[in-house]
Amino acid sequence: MEVAEVVREFIIEYFLFGDDENLNSHTSFIEDGIVDSTGILELVAFLEETFSIHVEDEALIPENLDCISNVERYVLSKMGG
Amino acid sequence: MRFSKAVLDIDPGKEISRVSEFIRESTFKKFRSRGAVVGLSGGVDSAVVAEFLVQALGREGVLGVLLPEKESNPISTEYGLKQAKKLGIETVLVDITDRLKTLKVYEERDSVIRDVFPEFDSSFRFHVTLPQNLLEKDRINYHNITIEDKEGKRQTQRISAKDWLRISACQNMKQRVRMVELYHHSEVSHYIVAGTTNKTEVCQGFFVKYGDGGVDLEPVSHLYKTQVYSVARYLA
């Protein structure tokens, strides 16, 4: 499964309780109130476990984690893809 | 009105009269109680609330309750007692450490810390901290655990969301035990419980539900922290 699809499924299941109506690749998790700062850390734990990567403290910025598209780009860069 | 920091200016004297009237009305007419208890933490919020209560109910109608535990800074109790002495109010001091031990608050929290730092034991100090330079750029907040051994050697690591939730759930139990104690002392005297949450804390949700948020009335919840300081300076 593609990274974007895995992340999308996690967000829908974990934070939107199945309601994906307003979620697209560029929907801001934080601005749109989908995920709070604790939720972002839950996302980080999920990414680390699922993709066997380590997210450094310095990488905890919206450019890497605030929407599906950003997460996909970040994860692929960590996986060397 | 121009927007500037002056919009937060208050007239402390008028505020004291207004809040005192609110406390009197609430205590005697709404709750039909004889007085109020307040938890004295040694901080400025509870010091100002105690002042308001004394203005409203007289010193005979106010009980200051001090509820330290083994991890409280001893200076907090000292400041709380000093304020009570200044106001001439009665105090009760209950060390809640044993109650917290019974609830396994320390044990459970320490086991979370040991998951991160296996060498952690009671000889270490620990803090939950935010990273430095938080405002320097747009980034996502997270918490660190810092442990410090007897020699002062420190180690810091980011905590996962799961561990942060486990630690804060344990820490919040301290506030809930304090709430239970405050209500015990209030009921014994047919008093109400006065809270000490200010507006800055209310706006951020920075209080514990059924903990320090579990009270009968909130005399300073309409005042931002800067305004609480303003009243405190006036009263000093």
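That block above? That's the structure.
Residues numbered from 1 in each chain as written. Chains lettered and ligands numbered in written order. Predicted model: local features only at pLDDT ≥ 70, side-chain atom pairs only at ≥ 80, totals over all residues. Heavy atoms only, no water.

### Some thoughts on a nonpolar patch on the surface
Taken together, the side chains of B:Met1, B:Phe3, B:Val7 and B:Leu8 define a hydrophobic patch exposed on the protein surface, amounting to about 520 Å² of accessible area. What makes B:Leu8 partly exposed here is its relative accessible area of 32%. (Patch = residues over 30% accessible without salt bridge, like charges linked within 9 Å, V, L, I, M, F, W, Y side chains within 5 Å. Areas by Shrake-Rupley, 256 points an atom, 1.4 Å probe, with all protein chains shown as cover. Salt bridge = Lys/Arg side-chain N within 4 Å of Asp/Glu carboxyl O. Buried < 20%, exposed > 50% of the residue type's maximum accessible area, 1.4 Å probe, protein only.)

### Re the side chain of B:Arg158
On the secondary structure map, B:Arg158 appears in strand S6 (residues 154–158). The exposure class assigned to B:Arg158 is buried, which follows from its relative accessible area of 14%. Within the structure, B:Arg158 has its side chain in polar contact with the backbone oxygen of A:Val55 (distance 2.9 Å). At a separation of 2.8 Å, a polar atom in the side chain of B:Arg158 contacts the side chain of A:Asp57. For B:Arg158, the contacting residues outside a window of four places in its chain are A:Val44, A:Glu48, A:Val55, A:Glu56, A:Asp57, A:Leu60, B:Tyr142, B:His143 and B:Asn144. (Helix = DSSP H or I, 4+ residues; strand = E, 2+ residues; numbered from the N terminus. Polar contact = N/O pair within 3.5 Å; in protein donor to acceptor, adjacent residues only side chain to side chain. Contact = heavy atoms within 4.5 Å.)

### Overview of the packing of aromatic side chains
We describe a pair of aromatic rings using the distance from one ring centre to the other and the angle between the two ring planes. Residue and element names in this part refer to chain A. In this structure the tally under the stated criterion is 6 aromatic pairs over all chains. Taken together, a centroid distance of 3.9 Å and an interplanar angle of 10° make the contact between phenylalanine 10 and phenylalanine 46 stacked. Of the two residues, phenylalanine 10 is situated in helix H1 (residues 3–14) and phenylalanine 46 in helix H2 (residues 37–51); the sequence distance between them amounts to 36 residues. Exposure class is identical for phenylalanine 10 and phenylalanine 46. Each is buried. Residues tyrosine 14 and phenylalanine 15 carry aromatic rings whose centres are separated by 5.3 Å and whose planes lie at 75° to one another, so their mutual orientation is edge-to-face. According to the relative accessible area criterion, tyrosine 14 is partly exposed, its value standing at 43%. (Phe/Tyr/Trp six-rings, centres within 6.5 Å; stacked < 30°, edge-to-face > 60°.)

### Details of helix H3 (residues 74–87) of chain B
Residue and element names in this part refer to chain B. The end-to-end C-alpha distance of H3 is 20 Å, a good match for the 20 Å that 14 residues give at a rise of 1.5 Å each. Of all the positions in H3, only Thr77, Gly80, Gln83, Ala84 and Leu87 are classed as buried. Buried positions in H3, seen along its axis, are confined to an arc of 125° and lie on one side of it. Of the exposed residues in H3, the ones pointing more than 90 degrees away from its buried face are Pro74, Lys82 and Lys85. The inward-facing, buried residues of H3 abut helix H2 (44–57), strand S2 (62–66) and strand S3 (90–93). Just downstream of H3 lies glycine 88, where phi reads positive at about 75°. (Expected span 1.5 Å × (residues − 1). Arc of directions from axis to C-beta.)

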